[in-house]
Amino acid sequence: MTTRIRPTFTLWRWILVLILLSTSGVAMPALAQTGATSSFDHLATGFPLQDAHARARCESCHQGGVLRGTPRDCASCHAPGRRLSAGNTVMPPTHLPTQQTCDSCHGTSTFSGARFRHIGVVPGTCQTCHNGVITEGKTAQHIPTTASCDSCHRSNAWLPARGFDHAGVVPGTCQTCHNGSRATGKNAQHIPTGTASSCDSCHGSTSRWTPTRFDHTQTLVSGQCASCHNGAFPPADGKPGNHVPYTAVPVTAAANCDGCHKNGTTSWTGARVHANYSIGNSCASCHSGAYPDAVGKPTDALHAGVTGNCESCHKSTSNWGSARVDHSTFNAATNCASCHNGSAATGKPGTHIPTGAASCYSCHGTTGWTPTTWNHTQVPVTAQCASCHNGAFPPADGKPATHVPYTAVPVTAAANCDGCHKNGTTSWTGARVHANYSIGNSCASCHSGAYPDAVGKPTDALHAGVTGNCESCHKSTSNWSSARVDHSTFNAATNCASCHNGSAATGKPGTHIPTGAASCYSCHGTTGWTPTTWNHTQVPVTAQCASCHNGAFPPADGKPATHVPYTAVPVTAAANCDGCHKNGTTSWTGARVHANYSIGNSCASCHSGAYPDAVGKPTDALHAGVTGNCESCHKSTSNWSSVRVDHSTFNAATNCASCHNGSAATGKPGTHIPTGAASCYSCHGTTGWTPTTWNHTQVPVTAQCASCHSGAFPPADGKPATHVPYTAVPVTAAANCDGCHKNGTTSWTGARVHANYSIGNSCATCHSGAYPDATGKPNNALHATVTGNCESCHKSTSSWSNVNFAHSPANAVGTGTCDTCHNGSTATGKPANHIPVPVGTARCDSCHRSQTSWTASVTMNHGVVTTASCKSCHGGAFAGAGATAKPSNHIPEVQLLAGASMDCKACHTSTTSWGGMRMNHNNSQGNGAGWCKACHDRSTAWLGDMEKKSLTHERSTGVTDCSQSGCHRPLGREGTPYSRWE
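For clarity, every value in this text was computed on a predicted model and none was experimentally measured.

Q: For the overall build of the chain, give the residues involved together with the corresponding values.
A: Each helix and strand counted, the chain has 13 helices and zero strands in total. Listing the helices and strands of the chain from first to last along the sequence gives α-α-α-α-α-α-α-α-α-α-α-α-α. Taking 2.2 N^0.38 as the reference for a compact globule, 982 residues should give roughly 30 Å; the C-alpha atoms of the chain span a radius of gyration of 65 Å, well beyond that estimate. Along the longest, intermediate and shortest principal axes, the C-alpha atoms of the chain span 200 × 110 × 95 Å. Across the 982 residues of the chain, 21% fall into the buried class. Within the chain, counting contacts between residues at least 6 apart in sequence, those at least 24 apart form 48% of the total. Total accessible area computed for the chain in this model is approximately 64700 Å², and 57% of it derives from carbon and sulfur atoms.

What follows is the structure, encoded as structure tokens:
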């Protein structure tokens with residue numbers, strides 16, 4: 001900061017100079033150092049003589065001629081009252097207080113223009129000097145403040161001032177300083193704010209003006225948008241140049257911005273003219289094409305000649321589409337082409353099928369060109385197919401490149417499509433040429449192999465040398481197979497081999513059975529080689545079987561390797577196949593040697609066990625020591641069993657074990673059940689060991705079950721691993737099987753423990769879940785914490801359900817734990833018609849206070865359903881559960897702004913009474929943004945004491961709602977929104 005030193009010392013200096021001039025009579029230059037002293041280097045003294053000091057006389061400092069000890073500091077000469085200050089300029093009384101030396105601010109040329117250095121100045125003491133007396137202080141225009149100068153100003157310049165602390169400024173008083181004089185004020189482009197708004201209504205920061213928090217609530221804006229949004233107050237944008245000229249339309253001529261812009265004050269987008277004003281004419285004022293937000297007249301043929309207003313055709317302001325011509329009255333007599341000519345409206349394209357005199361209506365509906373009803377009945381099509389189906393009128397397809405060249409055949413040269421395609425007009429498939437035309441020649445025109453739908457000549461040996469036309473051999477057009485040689489007249493006298501010689505036609509293969517003089521016709525038919533009619537009658541076969549059945553002529557099979565070696569038996573050595581195989585020629589099975597040959601020895605030749613069809617000697621103990629021939633014991637060739645002992649005379653007195661001892665004959669095995677003194681005959685018959693007649697009466701069994709049923713004597717089954725451990729229960733520790741299994745000896749099922757033993761403890765020994773026949777502890781929440789025995793709760797052995805559960809803390813029952821069991825599975829849960837409650841916060845005992853009945857002591861606790869909506873219960877669906885539903889004459893809250901999403905609690909603040917309510921209008925604006933008249937119209941009869949009047953109680957025309965421009969607030973000017981009409 002530059003400090004101006006007051007010029008008092010300068011006045012004294014000039015007075016001194018005038019006195020010296022008047023008394024000495026010498027000129028000013030005589031003051032300078034002259035003569036011999038001019039060569040003295042004063043710098044050697046350590047005090048250079050510069051500027052004003054160079055012009056001073058020596059004796060002004062060196063008084064009395066004393067040179068040594070002359071002070072060098074400024075104050076010795078320039079401070080009042082000092083020895084050397086006489087005649088010198090001294091620091092005046094008004095000099096600002098400082099401890100610094102003179103030369104800190106002043107130079108040696110002059111005291112004026114001093115540069116004060118604020119080093120050492122204590123912060124907050126600026127006004128000690130800057131008080132308007134010592135040096136300049138606050139001006140009259142300075143903002144009122146008690147703050148120290150250095151709070152805002154810097155020491156190098158007053159401006160710009162920074163850092164003003166607004167902490168003590170009273171809200172609403174900004175303009176006291178910010179008036180354009182004391183501090184920056186509102187510029188000329190500031191939006192009009194009236195007198196009600198202070199700077200800090202919008203400007204929230206004291207460090208800068210922007211950004212502001214203006215949100216259109218600081219001043220009245222309804223119907224006042226244009227006061228700011230006129231282009232004069234940026235950044236409040238005005239109406240753009242391409243805004244629709246609504247002022248040219250009578251209905252909207254006086255409209256303000258918010259007449260259309262209803263989407264709040266944050267965006268201009270979403271403005272709707274027609275949604276807010278009923279406009280029936282002057283459409284072209286806006287819809288001229290010059291205004292982007294208003295669709296103009298299309299540049300198409302349909303509109304080219306239209307000169308009238310939009311409303312001439314377009315009767316709705318919600319969409320342009322409703323302007324379409326009403327085709328509903330059109331019929332077959334309508335001349336569609338008068339409009340649909342390709343100019344005024346879409347016409348028939350160049351690729352449209354020829355239609356003759358048929359009108360559009362014949363095929364096309366009035367709602368769209370497609371789908372059509374074309375079904376080939378609209379125009380004559382018989383013999384006219386090619387008029388459309390020539391490839392020029394898609395989707396009517398033309399003849400493909402691979403179509404048979406019927407035009408090259410004289411009979412079909414002039415044929416039309418429907419000459420062959422007879423399956424209707426829906427499909428080309430199924431066309432038949434020969435079914436519709438009698439063609440006897442020129443077959444190869446089509447049947448050349450080049451056309452997929454016409455079979456070509458096969459590339460086989462039979463056709464390789466054929467050069468004539470198809471019809472040379474093929475006499476029928478219905479199938480190719482008729483071209484084969486007509487064998488129908490062939491018979492036994494025919495020499496088949498004359499053709500079937502393996503060259504001209506298939507011949508007899510090398511593996512064919514010998515046939516002698518028999519011809520092919522004897523076995524083979526004239527339609528195919530197989531199946532044959534061979535039945536062994538065509539050639540002599542008696543005693544000749546081996547001529548064919550020797551393995552050389554399949555499928556005539558030969559003797560298998562395991563065939564009995566009958567040639568080793570003298571009686572059958574020369575036998576032929578049919579010596580034994582007497583069951584005809586259709587099967588080898590059923591051959592009987594002994595039925596056809598009397599054989600009394602050499603049995604072992606065949607019955608050695610090496611030939612499956614001849615039973616060998618059994619590998620059993622009975623035959624182990626037999627070394628003789630079969631016939632030694634077996635005297636009959638009709639069966640082996642004739643050698644067995646005759647058991648028919650045996651009875652209970654017979655000692656079966658005398659033979660059946662495991663050596664001479666089968667004995668009792670080691671796993672046979674213990675039988676005591678009972679004989680084999682008690683259970684086994686004389687024809688076989690099984691089935692037995694064992695029925696538990698042959699030996700004593702009462703309380704003896706485990707003697708056999710121990711698992712050691714199958715099939716007498718033992719106790720399974722999962723049998724209940726009854727031996728661990730004192731009462732049943734010594735029980736036998738029939739202690740519980742009382743349903744006879746035919747089945748183990750139906751055993752009852754508790755029906756036969758009185759058991760009062762140790763239940764968990766069996767009912768642990770490890771034994772299928774004893775129900776275990778359920779794996780549910782109810783039993784999860786149970787560690788005691790079953791009998792702690794279950795007092796009956798006849799039923800698990802006979803239990804009285806104690807709802808005590810000892811059974812893990814506490815506040816809020818009801819649904820641990822009452823979940824609909826473990827115990828009774830919440831019924832389907834229970835009111836919906838929030839999961840996790842609402843518990844059964846929040847409302848149900850009784851542990852003996854759900855319906856006793858029930859008090860609705862709304863404190864646990866605060867997160868749920870009232871409507872979820874009071875919507876009418878749970879009236880039977882006690883949730884009062886909304887009465888039929890309840891006000892229609894859906895008429896409020898966003899009313900459909902409002903909940904009961906928006907108005908009803910009490911959960912004890914519906915009457916404790918305060919109407920919440922949900923910021924409805926009325927006139928479409930919510931409707932006042934829905935409740936306040938005199939014609940309504942809704943519940944409540946709201947004031948009602950006729951909608952036309954003040955004005956008879958132009959009234960749409962209570963709240964609208966010119967009526968009641970919010971949109972009008974009358975009253976207070978939601979509380980006072982006037």
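Q: Residue-level account of the pattern of salt bridges, with values.
A: The tally for this structure, following the rule as stated, stands at four salt bridges. Glu 59 is paired through a salt bridge with Arg 57; the nearest N and O atoms lie 2.3 Å apart. Taking relative accessible area as the criterion, Glu 59 reaches 41% and is therefore assigned partly exposed. Lys 871 serves as the salt-bridge partner of Glu 893, at 3.4 Å between the closest nitrogen and oxygen. Of this pair, Glu 893 sits in the loop between helix H12 (763-766) and helix H13 (933-936) while Lys 871 is found in the loop between H12 and H13, placing the two residues 22 residues apart along the sequence. The network of salt bridges with common partners includes Lys 871, Lys 886 and Glu 893.

Q: I'd like a rundown of the environment of Met 919, residues and numbers included.
A: Along the chain, Met 919 falls in the loop between H12 and H13. Under the relative-accessibility criterion, Met 919 is labelled partly exposed at 31%. For the pair Met 919 and His 908, spaced eleven residues apart in sequence, the C-alpha separation works out to 8.1 Å.

Q: So what's going on with unusual backbone geometry? Residues and values would help.
A: The amide bond that connects Pro 554 to the next residue, Pro 555, takes the cis arrangement and shows omega of 10°. The topology assignment puts Pro 555 in the loop between helix H8 (545-548) and helix H9 (603-606). The phi angle at Asn 922 is positive, at roughly 55°, despite the residue not being glycine. Looking at the element boundaries, Asn 922 is found in the loop between H12 and H13. Given the relative accessible area of 26%, Asn 922 is considered partly exposed.

Q: Go over the state of the cysteines with me, naming the residues and quoting the values.
A: The final tally for this structure, using the stated rule, is zero disulfides. No disulfide involves Cys 105; its nearest neighbouring cysteine sulfur is the one of Cys 102, lying 8.9 Å away. Given the relative accessible area of 17%, Cys 105 is considered buried. Its sulfur unpaired, Cys 870 is 4.6 Å from the next cysteine sulfur, which belongs to Cys 904.

Q: Before we move on, could you go through the side chain of His 106 and cite the residues and values that matter?
A: If you trace the backbone, His 106 turns up in the loop between helix H3 (75-78) and helix H4 (225-228). For His 106, a relative accessible area of 11% gives the class buried. Polar contacts involving the side chain of His 106 include one to the main-chain carbonyl oxygen of Phe 111, which spans 2.8 Å.

Q: So, the side chain of Ser 148: which residues are in play, and what are the values?
A: Relative to the elements of secondary structure, Ser 148 occurs in the loop between H3 and H4. A relative accessible area of 15% means that Ser 148 is categorised as buried. A polar contact of 2.7 Å, which involves the side chain of Ser 148, links it to the side chain of Asp 150. Other than its neighbours up to four places away in sequence, Ser 148 contacts Gly 124, Thr 125, Cys 126 and Gln 127.

Q: Run through a positive patch on the surface, naming residues and quoting values.
A: Taken together, the side chains of Arg 955, Arg 969, Arg 973 and Arg 980 present a region of like positive charge at the surface. Here Arg 955 is to be found in the segment after H13.

The rules behind the values
Residues numbered from 1 in each chain as written. Predicted model: local features only at pLDDT ≥ 70, side-chain atom pairs only at ≥ 80, totals over all residues. Heavy atoms only, no water. Helix = DSSP H or I, 4+ residues; strand = E, 2+ residues; numbered from the N terminus. Rg over C-alpha atoms; globule rule 2.2 N^0.38 Å. Buried < 20%, exposed > 50% of the residue type's maximum accessible area, 1.4 Å probe, protein only. Contact = heavy atoms within 4.5 Å. Areas by Shrake-Rupley, 256 points an atom, 1.4 Å probe, with all protein chains shown as cover. Salt bridge = Lys/Arg side-chain N within 4 Å of Asp/Glu carboxyl O. Disulfide = S-S within 2.5 Å. Polar contact = N/O pair within 3.5 Å; in protein donor to acceptor, adjacent residues only side chain to side chain. Patch = residues over 30% accessible without salt bridge, like charges linked within 9 Å, V, L, I, M, F, W, Y side chains within 5 Å. Lys, Arg positive; Asp, Glu negative; His and termini not counted. Charge placed at Lys NZ, Arg CZ, Asp CG, Glu CD.

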